[in-house]
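# Residue-level structural notes
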Amino acid sequence: MSADLSFRIAATLATVVIALVVRWLVVRWLNRTVSDGDVLFRARKAITYIAMAVAVFLLTWIWLPFFDDLGTFLGLLVAGLAIALADVFLDLAGWLFIMLRRPFRVGDRIEIDG
């Protein structure tokens, strides 16, 4: 067995064990501190989802060489989305300006394109 494969297997086992132990510790702490059953249920579900999402992300990073170029991929993805959604971002910025600054009042006359 190669050293790289041995490292990946050990890292996988460590990731799974650490995720399960951290989840168990947080849920145990929640059981002692939260008394509302509904809040406790939602918090435990959220902790489980977060722990498993982090574990899956780390396992993907361990096993797929794609993540070596993750920065480049994310940069290109964000640039592409910014170009494709430029009008949406401008519309959102305009809406936020109107909602937060309130430059217009009821009854104001607004002229568009002369």
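The following refers to the structure shown. Here the structure is a predicted model, which means the values were calculated and not measured.

### Regarding the side chain of Thr 15
- Relative to the assigned elements, Thr 15 resides in helix H1 (residues 3-33).
- Residue Thr 15 is classed as buried on the basis of its relative accessible area, which comes to 14%.
- With sequence-adjacent residues up to four places away left out, Thr 15 is seen in contact with Ala 55, Leu 58, Leu 59 and Ile 62.

### Structural notes on unusual backbone geometry
- In the Ramachandran plot, Arg 102 falls in the positive-phi region, its phi being about 50 degrees despite a non-glycine side chain.
- Here Arg 102 lies in the segment after helix H4 (86-101).
- On the basis of relative accessibility, which here comes to 54%, the residue Arg 102 falls in the exposed class.

### Notes on helix H2 (residues 37-63)
- Taking 1.5 Å as the rise per residue, H2 with 27 residues should run 39 Å; its terminal C-alpha atoms sit 39 Å apart, in good agreement.
- Lining the buried residues of H2 we find H1.

Each value, and the rule that gives it
- Residues numbered from 1 in each chain as written.
- Predicted model: local features only at pLDDT ≥ 70, side-chain atom pairs only at ≥ 80, totals over all residues.
- Heavy atoms only, no water.
- Helix = DSSP H or I, 4+ residues; strand = E, 2+ residues; numbered from the N terminus.
- Buried < 20%, exposed > 50% of the residue type's maximum accessible area, 1.4 Å probe, protein only.
- Contact = heavy atoms within 4.5 Å.
- Expected span 1.5 Å × (residues − 1).

Nothing here speaks to function; it is all geometry.
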